[in-house]
Amino acid sequence: PEEAEPEAGAAGGRWRCGRCAAAAALRWCITGALCASFLGLGMSIAVLGPTFPNLAANVGKNVSDMYYIFVGRSLGFLGGSVVGGVLFDCMNATLLLALSMLGTTAGLYVIPWCKESLLLTILMSVIGGSMGILDTGANVLILNTWGSESGPHLQALHFSFAAGAFLAPILAKMAMGASESEELAGAEKTNQSVLKSVPTASAASTTPAPKDNHDGDFLWSYIIIGTYILFTSIFLFALYSKSSSTRDKSKATAQKGTLAKYHWPLVGLLFVFFLFYVGAEVTYGSYVFTYAMAFAEMTEGEAAALNSVFWGAFAMCRGAAIFGAAFLSPATMIVISLVCSAASSSALAFLAHYRALLWMGTAMYGASMATVFPSGISWIEQYTVVEGKTASTFVVGGALGEMCIPAVVGYLQGRFHHFPVVTYAAFVTSIMTVLIFPVMCKLANAPQENDLKEVSDSETRKALLTNLRLTEDEEDEENVREWNDADFEIIEMNDKLKNSLTDTSHRIPGDSPAEVSLRPHLEDVLGDPPVLAGGSPGRQNGNVDWEKSE
């Protein structure tokens, strides 16, 4: 038995180490699956741009009349964010993400064969809803998986989205196998054929698609992206079979006691913060090409290069933020981003007539926009609980900013043709974010009621201890005072007794036996103060000796 005990302990240690290694591997698998999902999310959103003329030709519509599919996708994204926030608090997060990716796959497979504009809008809404669920749930699942260490992983998650948005146009061009000039010529022929047709619904639906619109080619781009998302969905289903929902629920219940004092006002301010931030990002990225040609008098190639500089700096800074988040706190990264955003937007608004400042300001503005969203999620997680409803709130804020601010800027730019509304909008939104963030920090650092109670209790205990020390000091001083008074009484009694005995000895002439017997007794009395403290015993002994000597 004595030899079996160390073996059992070693076996238990190996079992615990194996269990910890399996948990760590599961966390990394979940993170990898979420990053792969966001890569597919970026590709599925960005693929619409280069294939937009083909979709318009597919349904027999003019490109300028296809704006409603963007509205449908945005509304679906908003609905998916709200519904996803509720569902994430009720069911397993991995399962819900797998189902949403499956819905995205189905929509991407059906879109190339869609011949009706209404059906295309519905499909775009379904894909938008799946994207909203994924955007809300992936952020929450990263926070639940890594906790306080989620900063670099959130940056990697959103970098994957930027990488997907960068790869989608390249993939679409490779799938279509056509040059940009051929695509533009096909789009113009499509628009001319639609404009020449009778403007009725039946005529629009029966308008034949042009033969050079590369239907079979653009079809493959959707199939490739849909197949990639399908494999990602299967991997998420496999992770769901390995992970348990009880672990996530236990974590959520363990964190419910850490709500900030001003939880919902803080979430509301983050909602407004993300509304301005995402709106500014999408607005400048969408209108910088037009601004460069209309106000900076650039050529088409230079304007496209300026647009690429913005998104390239955006993607590169998101990639660098993966490593920066391991050393810098979320608040520090947000402050750096806001300062750079305010400086670059000021240069764009007031000094853009200098060509060098326009290029530098655009690059700096894109870099400053890269880390705000993931850093904001990491920041608020330090002060309060981020559950499904909370995450859906600020994701909806970002989606509303993406919808509303570009529309408002486009409307104002149409009204004021000679005024660069885009750059001034970037400046105003950056100032708003700079003003909102300190208020958020003030609310986040407000002491909770429990903290105030603990402080008051500690102060009460400190006051009681201080009073107790004062009481003990007063008692000690009183005791010292009593002992001093007793000492003075003893000294006075000793002096009186010595004087009385000395006077008596002077009255006896010569060296009598009384004097001889008196001196020893006098020395004994003077050398024993405690006996004299009582008063009478020493005096009685002296009298007795005196009588005996007589």
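Because the structure is predicted, anything quoted here is derived from the model rather than measured.

1. Let's talk about the overall build of the protein
So, point 1. A tally of helices and strands in the protein yields 21 helices and 0 strands.
So, point 2. Taken over 550 residues, the protein has a buried fraction of 42%.
So, point 3. Look at the contacts in the protein between residues 6 or more apart in sequence, and 84% of them connect residues 24 or more apart.

2. Observations regarding the environment of Ile-127
So, point 1. By the secondary structure assignment, Ile-127 is in helix α5 (residues 117-146).
So, point 2. Placed 20 residues apart in sequence, Ile-127 and Gly-107 show a C-alpha to C-alpha distance of 6.0 Å.
So, point 3. Discounting residues that sit within four places of it in the chain, Ile-127 has contacts with Thr-104, Gly-107, Leu-108 and Ile-111.

3. Considering the packing of α5 against helix α16 (residues 388-415)
So, point 1. Viewed as axis vectors pointing N to C, α5 and α16 meet at an angle of 130°, and their least axial separation amounts to 9 Å. Taken together, the axis directions place α5 and α16 in an arrangement best described as oblique. At the point where α5 passes α16, the crossing takes the right-handed sense. Contact with α5, carried on its side by Asp-135, Thr-136 and Val-140, involves Gly-388, Ala-391, Ser-392 and Val-395 of α16 and no other residues of that element.

4. Section: the pattern of salt bridges
So, point 1. Scanning the model with the defined rule gives 1 salt bridge in all.
So, point 2. Arg-355 is the partner of Glu-302 in a salt bridge, and the nearest nitrogen-oxygen pair spans 3.9 Å. Taken together, the positions of Glu-302 in helix α12 (residues 300-324) and Arg-355 in helix α14 (residues 355-369) put the pair 53 residues apart, joining distant regions of the chain.
So, point 3. A residue is classified by how much of its surface remains accessible, and Glu-302, at 33% relative accessible area, is partly exposed.

5. Thoughts on empty space enclosed by the protein
So, point 1. Across all of its chains, the model carries 8 cavities of 30 Å³ or more by this definition.
So, point 2. Of the pockets and cavities examined, the second largest cavity occupies roughly 80 Å³.
So, point 3. The wall of the second largest cavity is formed by 13 residues, among which Tyr-277, Leu-338, Ser-341, Met-369 and Thr-433 lie closest to the centre.
So, point 4. Elements that contribute at least two residues to the lining of the second largest cavity include exactly α11 (263-294), α13 (330-350), α14 and α17 (421-444).
So, point 5. Counted by class, the lining of the second largest cavity contains 7 nonpolar, 6 polar and no charged residues.

6. Section: the nonpolar core
So, point 1. Counting 101 residues, the largest nonpolar core has Phe-273 and Leu-358 as the members making the most contacts within it.
So, point 2. Counting residues per element, this core draws most heavily on α11, which supplies 15 residues.
So, point 3. Shared between two domains, this core takes at least three residues from each, and those domains are domain 1 (18-178 + 216-244) and domain 2 (259-447).
So, point 4. Contacts of Leu-358, omitting those with residues within four sequence positions, involve Tyr-284, Tyr-291, Ala-296, Met-298, Leu-306, Leu-348 and Ala-352.

7. What about the confidence of the model for the protein?
Detailed reading of the predicted model is not advised wherever pLDDT is low.
So, point 1. In the predicted model, the protein carries a mean pLDDT of 75, and 67% of its residues have values of at least 70.
So, point 2. Here residues 178-214 scores under 50 on pLDDT; set against residues more than four positions off or in separate chains, the count is 34 contacts.
So, point 3. Note that pLDDT drops below 50 for residues 528-550; the model gives that stretch 18 contacts with residues more than four away or on any other chain.

8. Quick look at a nonpolar patch on the surface
So, point 1. A cluster of nonpolar side chains, namely Val-408, Tyr-411, Leu-412, Phe-416 and Phe-419, defines an oily patch on the protein surface of about 490 Å² accessible area.
So, point 2. Its location among the elements puts Phe-416 in the loop between α16 and α17.

9. Looking at α5
So, point 1. An ideal rise of 1.5 Å per residue puts 44 Å on 30 residues; α5 measures up with 43 Å between its terminal C-alpha atoms.
So, point 2. Of all 30 residues in α5, 25 are buried; the element is thus mostly enclosed.
So, point 3. Looking one or two residues past α5, Gly-147 carries a phi angle of roughly 65°, positive in sign.

10. Regarding the environment of Ser-233
So, point 1. By the element assignment, Ser-233 lies in helix α9 (residues 215-242).
So, point 2. Look at Ser-233 and you get buried, because its relative accessible area is 0%.
So, point 3. In sequence terms Ser-233 and Leu-97 are 136 residues apart; their C-alpha atoms lie 7.8 Å from each other.
So, point 4. Excluding anything up to four places from it in sequence, Ser-233 contacts Ala-98, Met-101 and Leu-102.

11. Looking at unusual backbone geometry
So, point 1. Not every positive phi belongs to a glycine, and Glu-297 is a case in point at roughly 55°.
So, point 2. With respect to the element layout, Glu-297 can be found in the loop between α11 and α12.

12. Structural notes on the packing of aromatic side chains
So, point 1. Per the counting criterion, the structure on display carries 17 aromatic pairs.
So, point 2. With a centroid separation of 6.3 Å and an interplanar angle of 35°, the aromatic rings of Phe-310 and Tyr-365 are classed as tilted. Separated by 55 residues along the polypeptide, Phe-310 in helix α12 and Tyr-365 in helix α14 bring together distant segments of the chain. Each member of the pair, Phe-310 as well as Tyr-365, carries the same accessibility label: buried.
So, point 3. Among the aromatic side chains, those forming a connected cluster through ring pairs are Phe-273, Phe-274, Tyr-277, Phe-373, Trp-379, Tyr-383, Phe-394 and Phe-437.

13. Some details on the packing of α13 against α17
So, point 1. Look at α13 against α17: their axes get within 8 Å of each other, and the N-to-C directions meet at 150°. In terms of orientation, α13 lies roughly antiparallel with respect to α17. For the element pair α13 and α17, the recorded crossing hand is left-handed. Where α13 approaches α17, its residues Ala-331, Ile-334, Val-335, Leu-338, Ser-341, Ala-342, Ser-345, Ser-346, Leu-348, Ala-349 and Phe-350 are matched on the opposing element by Thr-423, Tyr-424, Ala-426, Phe-427, Ser-430, Thr-433, Val-434 and Phe-437.
So, point 2. Partitioning the contact of α13 with α17 into residue classes produces 13 nonpolar, 6 polar and no charged.

14. Section: α14
The α-helix winds at 3.6 residues per turn, so residues separated by three or four positions along the chain end up facing the same way.
So, point 1. Here α14 contains 15 residues, and its C-alpha end-to-end distance of 21 Å stays within 8% of the 21 Å for a straight helix at 1.5 Å per residue.
So, point 2. For α14, the complete set of buried residues consists of Leu-358, Gly-361, Thr-362, Tyr-365, Gly-366, Ser-368 and Met-369. The buried side chains of α14 occupy one side of the element, clustering within an arc of 160° when seen end-on. When the buried face of α14 is taken as reference, the exposed residues oriented beyond 90 degrees from it are Ala-356 and Met-360.
So, point 3. In this fold, the buried residues of α14 make contact with α11, α12, α13, α15 (372-381) and α17.

15. Examining the side chain of Arg-73
So, point 1. Position of Arg-73 relative to the elements: it lies in helix α3 (residues 68-87).
So, point 2. For the buried Arg-73, no salt bridge exists, and the shortest N-O distance to an oppositely charged side chain is 5.5 Å, to Glu-402.

Calculation rules
- Throughout this document, residue positions are counted from 1 along each chain, in the order its sequence is written.
- Only residues with pLDDT of 70 or above have their local features reported here, since the model is predicted, and side-chain atom pairs are shown and tallied only from 80 upward, although totals for entire chains, interfaces and linings are computed over all residues.
- Only hydrogens and water are removed before side-chain values are computed, so all heavy atoms of the structure are retained for them.
- Secondary structure counts use DSSP, requiring at least four H or I residues in a row for a helix and at least two E residues in a row for a strand, with both numbered from the N terminus.
- For every residue, the accessible area (1.4 Å probe, protein chains only) is compared with the maximum for its type, and the residue is labelled buried under 20%, exposed over 50%, or partly exposed between those bounds.
- By definition, residues are in contact when any of their heavy atoms lie within 4.5 Å.
- All axes here are fitted lines through C-alpha atoms, helices being fitted over the stretch that makes contact, and every angle between N-to-C directions spans 0 to 180 degrees.
- Comment on the angle field: the value is read as roughly parallel under 35 degrees, roughly antiparallel over 145, roughly perpendicular from 65 to 115, and oblique elsewhere.
- Helix crossings fall into two classes, left-handed where the near helix is turned counterclockwise from the far one by less than a right angle and right-handed where it is turned clockwise.
- By convention in these notes, a salt bridge is any Lys or Arg side-chain nitrogen within 4 Å of a carboxyl oxygen on Asp or Glu.
- With a 1 Å grid laid over protein atoms only, a set of points is called a cavity when a 1.4 Å probe fits there but cannot get out and a pocket when it is open yet has protein on both sides within 12 Å along at least five of seven lines; lining residues have an atom within 4 Å of a point.
- Grid points are joined across faces, edges and corners, and a volume is the space filled by probe spheres set on the points.
- For this classification, the nonpolar set comprises Ala, Val, Leu, Ile, Met, Phe, Trp, Tyr, Cys and Pro, the charged set comprises Asp, Glu, Lys and Arg, and every other residue, Gly included, is treated as polar.
- In this text, buried Ala, Val, Leu, Ile, Met, Phe, Trp, Tyr and Cys residues form a nonpolar core when linked through side-chain atoms within 4.5 Å.
- Domain delimitation in this document rests on an assignment produced automatically or drawn from a domain database.
- The pLDDT score gives, residue by residue, the confidence of the prediction method on a 0 to 100 scale.
- Residues form patches when they are more than 30% accessible in relative terms and have no salt bridge. Like charges link within 9 Å. Nonpolar side chains (Val, Leu, Ile, Met, Phe, Trp, Tyr) link within 5 Å.
- Calculation of accessible area relied on Shrake-Rupley with a 1.4 Å probe; when residues are assessed, cover is drawn exclusively from the protein chains displayed.
- Take the number of residues in a helix, subtract one, and multiply by 1.5 Å to get its expected span.
- Here is the rule: rings of Phe, Tyr and Trp (six-membered ring for Trp) pair when centre to centre is within 6.5 Å. Planes less than 30 degrees apart are stacked, more than 60 are edge-to-face, and the remainder are tilted.
- For this quantity, the arc is that covered by the directions from the helix axis to the C-beta atoms.
- His is not counted here, nor are the chain ends, while Lys and Arg score as positive and Asp and Glu score as negative.

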